[in-house]
Amino acid sequence: MSHNKSLRASATFSQQVLDEIHRAADQGIYEIRGFGAKRSLPTFDDLVFLGASMSRYPLEGYREKCATDVVLGTRYARRPIKLKIPITIAGMSFGALGANAKEALGRAATAMGTSTTTGDGGMTEEERQSSKILVYQVLPSRYGLNPDDVRRADALEVVVGQGAKPGGGGMLLGHKITERVAEMRDLPQDIDQRSACRHPDWTGPDDLAIKIQELREITDWAIPIYIKIGATRVSYDVALAVKSGADVIVVDGMQGGTAATQDVFIEHVGIPTLPAVRMAVEALQELGMHRKVQLIVSGGIRSGADVAKALALGADAVSIGSAAMVAMGCNRNIFVEDYEALGTAPGYCHHCHTGRCPVGITTQDAELEERLQPEQGARWLKNYLTTMVLELQTLARACGKTHVLNLEPEDLTALTIEAAAMAKVPLAGTNWIPGNNK
Amino acid sequence: MAAFDLNTDSVRVLNQHLHDSPSGTLSVTNPGGRHCIACGIDAPVEVSIDGHVGYYCAGMNKQAKITIAGNAGPGVAENIMSGSVRVKGNASQYAGASGRGGALIIEGDASTRCGISMKGVDIVVAGSVGHMSAFLAQKGRLVICGDAGDFLGDSIYEATIYVRGNVGELGADCIEKEMTADHVQGLKQLLAATGVAANVNDFRRYGSARKLYNFNIDHADDY
C-alpha cells in the first residue's frame, strides 16, 4: 500500500490487537502457543559490568584460572550434585519434545559436566542413558511418576510452578499424543492433556515439608531435592521453600518458555527474571541460607553475559530451556516451507504446540524428528554451552574473579531506572538505587 | 518376624531396613501418627502396623502387603504401584492419590479427594468418601460402598467409579453409565479379592462423558 497521510493507527487498538480480536471472534478460544513472553521486558541487558581498573585488579583474560564448578544440594543430601559449569538444562517434557531432542539435551549436558532435567511426562530411557546427571521432576500431574525412576534419579525437583505460567498447569494438545506418550501418561491417545496446576497430595508449605520428607525417605536421604517456582511472590515463596526443606530452589522468571500455554498467561502472569533473582537472594540472605540452599535462576537466559549477571546478583547457577532449543535449531532458517505451512517464518515461530516443529525438536512425528539427530543436536548445544562459559569467564576475569561465583552485585550497574530498582544496583553514573531510602 | 517399636526405633531406621533387607513379615508398633512409615518398599513383604499413621504411609509401594490397624493420615498409599495397602480405620484426604497399580482397601471412611489423579490403582472404600473424590482420575477403579460427596469424578478420564450409596453433585464431565455384565463381574471379583462384603447389584457406575477431552467451544460452560 502506498503511504497515505490520512491513515492513523490507534495506539490502543494496534494492528496486532485488531488481529487478535478478529481471531478471537472467529475461533471463540484463547490463543495457545509455545515459546516464552514476547513482550518487551526489563532484562539483564539493562545491567552492565564495571570491569576492573584502578581500584580492582583484573585477571589475565586467557591464562589465569577462573573456576566454574558448582555444588548443588549441600543442605541435606548425602550425594550433592557436582557440576563443572553453572548452567543446567531445564525441565522439558517428553511429549512436548521428541525423544531425539531429549537425548541430545542429555548428551550435551553430560559432555559439559552439567545436569539435564525430565519434564511433565516422566523419564525416558533415552534421556536416562544419555544424561550422567539427571534431575527428575515431581509434577502436579504425576504423569509417569514411579519409584524406580525416583531412585535412579540424581536429584528430584518438586515443580510448584514455572515462569511461563505460574498458577497454571501444563498442556499437551491431542495431536502430539502418540501411543508412547499416551502410555507413559496413562491416558488415551489424541485427547488434549491438561495437566493439573496443583499437586494431588499436598496443600501448602506445611504439607510440602512432609512430602519432601517422604521423598527423602524413599531415596534414603541420598539425593538433593529441588523446589521449582514460577516467579511471582518470590520473597515469600523462597522463604516457604526453605521452610519446606528444599536443598535447592529454582526460580523461573516470566521469560521462561513453554510448549503450549495460553498467550494471555505467558504475557500477563509472573514477573521478569531480573527482579526475581534479587528477591530470591534477599529472601535467602534474610534467613541466613544464602549459599546453603542453592539458587538456580531461569527464564530468558541467553548468553554468558546473562549467566554472569545472574551469578553476580547471587544465584548459584542458571538453567536454560528455550536457548538450548534454539542452539539445537529452533527458529533456524531452514525448512522454510514448513514454517510457512504453520503460518509463520524462521525467527517468529512459537508453534511448539502444533507438533509440526520444522526442525524436529518439539514433535512426535517420526519424519520431522529425523531432522534432529541426537549427535548433531548435542554438538550444537555443547558448542553453545562452551561459548556461554567462555563469555562468563571473560566477564568474571575482567572483574578480577578467580571463580565465577565470586561475582557480586558491586560489579554491576544499571542502565535504566527500572533495572536499577528491580536489581537493586545503582543507576549508572550515580549512587542511586530507586526504592532504597538512603 | 522382625519387629520395630517406633517409640524407640526411628522411621528412618525402619524404612532403611525395609529398603535394604526386606523379607518375610514385619510388625510395627507405636506408630503414633508418624509420617512416611513404610514408604518406598519394593519387595513382597508383609508389614503390619498396629496403630494410627500420619502422612504418606506406604507411599509409592511396590509388591508389599501393608496393613494399618488404625487410621491413616493424608496421602496413604500415594502413587502405589503394586501390592496392597489395607487401612482398618478411616483414611484422611488424598488416599491413593495418583496410584498406578495394586490395591488400597479402606475399611472405614475416606476423606476428600480419595483417588485423586489415580492412574490404575483399585481403591475399595467400605464406608463413604468426601468431596472431589476421583478428581482427574485417569485409570483404575474406585469402589465406594457408602456415599460419595459432591463433585465426584470431576474432570475424570478413563477411571471407573462404583457407588452403592448416595452421590452428591457430580463433577464436570462425570456421568452415570450402564452397569454391564462385564462391570458386574469385574466388581464382584474385586470385592471378593479385597474381602469387602457388599451386594454387587446395589452399585451404580460412573465415568467420563468425554465431552472435555478436546476443547469444544460449545462445551465451554462445562469447564
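Structural data are supplied above this passage.
Our subject in this report is the structure included herewith. (Residues numbered from 1 in each chain as written. Chains lettered and ligands numbered in written order. Predicted model: local features only at pLDDT ≥ 70, side-chain atom pairs only at ≥ 80, totals over all residues.)

This next bit is on the overall build of chain B. A tally of regular secondary structure across chain B gives two helices and eleven strands. Going residue by residue from the N terminus, the α and β elements of chain B occur as β-α-β-β-β-β-β-β-β-β-β-α-β. The C-alpha extent of chain B, read off along each of the three principal axes, is 60 × 35 × 25 Å. Expressed as a percentage of the 223 residues in chain B, the buried residues total 54%. (Helix = DSSP H or I, 4+ residues; strand = E, 2+ residues; numbered from the N terminus. Buried ≥ 20, exposed ≤ 12 C-beta atoms within 10 Å, placed from the backbone.)

A count of helices and strands for chain A gives 15 helices and 16 strands. Computed over its C-alpha atoms, the radius of gyration of chain A comes to 22 Å, within 12% of the 22 Å expected for a compact globule of 438 residues. When the 438 residues of chain A are sorted by exposure, 57% land in the buried category. Residue pairs in contact within chain A that sit at least 24 positions apart in sequence constitute 67% of those at least 6 positions apart. (Rg over C-alpha atoms; globule rule 2.2 N^0.38 Å. Contact = placed C-beta atoms within 7 Å.)

Another point: the packing of helix H10 (residues 304–312) of chain A against helix H14 (residues 374–398) of chain A. Residues and elements named next belong to chain A. Packing of H10 against H14 brings their axes to within 7 Å, and their N-to-C directions diverge by 50°. Overall, the two elements H10 and H14 adopt an arrangement that is oblique. You can see that H10 and H14 cross each other, and the crossing is right-handed. Counted together, Gly-304, Ala-305, Val-307 and Ala-308 of H10 and Thr-387, Met-388, Val-389, Leu-390, Glu-391, Leu-392, Leu-395 and Ala-396 of H14 form the full contact between these two elements. Taken together, the residues that form the contact of H10 with H14 break down as nine nonpolar, two polar and one charged. (Axes fitted to C-alpha atoms, helices over the stretch in contact; angles between N-to-C directions. Parallel < 35°, antiparallel > 145°, perpendicular 65-115°, else oblique. Left-handed = near helix turned anticlockwise from the far one by under 90°. Nonpolar A, V, L, I, M, F, W, Y, C, P; charged D, E, K, R; others polar.)

Attention now goes to the nonpolar core. Membership of the largest hydrophobic core comes to 207 residues, with the highest contact counts inside it found for Ile-249, Val-251 and Ala-280 of chain A together with Val-125 of chain B. In contact with Val-125 of chain B, other than residues within four places in its own chain, are Ile-106, Ala-110, Cys-114, Val-143, Ile-144 and Cys-145 of chain B. (Core = buried A, V, L, I, M, F, W, Y, C linked by C-beta atoms within 7 Å.)

With that settled, the discussion passes to the pairing of strand E12 (residues 248–252) of chain A. Residues and elements named next belong to chain A. The element E12 is extensively covered by neighbouring structure, given that five of its five residues are classed as buried. Of the two faces of E12, the one holding Val-248, Val-250 and Asp-252 and the one holding Ile-249 and Val-251 are both buried throughout. By the bridge criterion, five bridges tie strand E11 (residues 225–230) to E12 in an arrangement that is parallel. Considered in E12, the bridge of Gly-230 is made with Asp-252. The parallel pair E11 and E12 is bridged by helix H7 (residues 234–244), and the resulting crossover is right-handed. (Pairing = 2+ DSSP bridges. Right-handed = clockwise from strand over helix to strand, strands pointing away.)

With that settled, the discussion passes to the interface of chain A and chain B. When the parts come together, some accessible area is lost, and that loss is often what is quoted as the size of the interface. In this assembly, 21 residues from chain A lie in contact with 36 residues from chain B. With five residues, helix H6 (residues 204–218) of chain A is the largest single contributor of residues to the side of chain A that touches chain B. The residue makeup of the side of chain A that touches chain B, split by class, is ten nonpolar, four polar and seven charged.

This part takes up the sheet that holds strand E9 (residues 160–163) of chain B. Residues and elements named next belong to chain B. The strand order E1-E2-E3-E4-E5-E6-E7-E8-E9-E11-E10 describes an open sheet built from eleven strands, whose pairing is mixed. With partners counted over all chains shown, the strands left at the sheet margins are strand E1 (2–5) and strand E10 (174–177), one partner each. Ignoring strand direction, the axes of neighbouring strands in this sheet form an average angle of 15°. In this structure, strand E5 (residues 84–87) lies alongside strand E6 (residues 103–106), joined through four bridges in parallel fashion.

A word on H7 of chain A. Residue and element names in this part refer to chain A. Of all the eleven residues making up H7, eight are buried; the element is thus mostly covered by neighbouring parts of the structure. Summarising the contacts, the buried residues of H7 are in contact with H6, E11, E12 and helix H9 (273–286). Where H7 terminates, the next one or two residues include Gly-245, which has phi positive at roughly 100°.

It is worth spelling out the sheet that holds strand E5 (residues 87–89) of chain A at this point. All names here are of chain A. Strand order across the open sheet formed by eight strands is E5-E15-E14-E12-E11-E8-E7-E6, with parallel pairing between neighbours. Two strands in the sheet have a free side with no partner beyond their single neighbour: E5 and strand E6 (115–117). The average angle at which neighbouring strand axes cross in this sheet is 30°, direction not considered. Inspection of the sheet shows E5 paired to strand E15 (residues 317–320) by three bridges, in the parallel sense.

All names here are of chain B. Within helix H1 (residues 11–20), the full set of buried residues consists of Val-11, Leu-14, Asn-15 and Leu-18. Along H1, the residues classed as buried sweep out an arc of 90° about the axis, all on the same side. In H1, the exposed residues that point more than 90 degrees away from the buried face are Val-13 and Asp-20. (Arc of directions from axis to C-beta.)

Here E15 of chain A shows no split at all, with Ala-317 and Ser-319 of chain A on one side and Val-318 and Ile-320 of chain A on the other all buried. After leaving strand E14 (residues 294–298) of chain A, the chain enters H10 of chain A and then returns to the sheet as E15 of chain A, a path that is right-handed.

Attention now goes to the environment of Ala-196 of chain A. One can find Ala-196 of chain A in the loop between strand E10 (193–194) and H6. Considered as a pair, Ala-196 of chain A and Pro-58 of chain A are 138 residues apart in the sequence and their alpha carbons are 50 Å apart. Setting aside anything within four residues of it in sequence, one finds Ala-196 of chain A in contact with Pro-140, Ser-141 and Gly-169 of chain A together with Ser-117 and Leu-136 of chain B.

Residue and element names in this part refer to chain A. Look at helix H2 (residues 99–112) against H14: their axes get within 8 Å of each other, and the N-to-C directions meet at 45°. Considering their axes alone, H2 and H14 lie oblique with respect to each other. Note on packing geometry: the crossing formed by H2 with H14 is right-handed. Within the contact between the two elements, H2 uses Asn-100, Ala-101, Glu-103, Ala-104, Leu-105, Arg-107, Ala-108, Ala-111 and Met-112 and H14 uses Pro-374, Gly-377, Ala-378, Leu-381, Lys-382 and Leu-385. Broken down by class, the residue content of the contact of H2 with H14 amounts to ten nonpolar, two polar and three charged.

The values reported here are purely geometric and, on their own, carry no functional implication.
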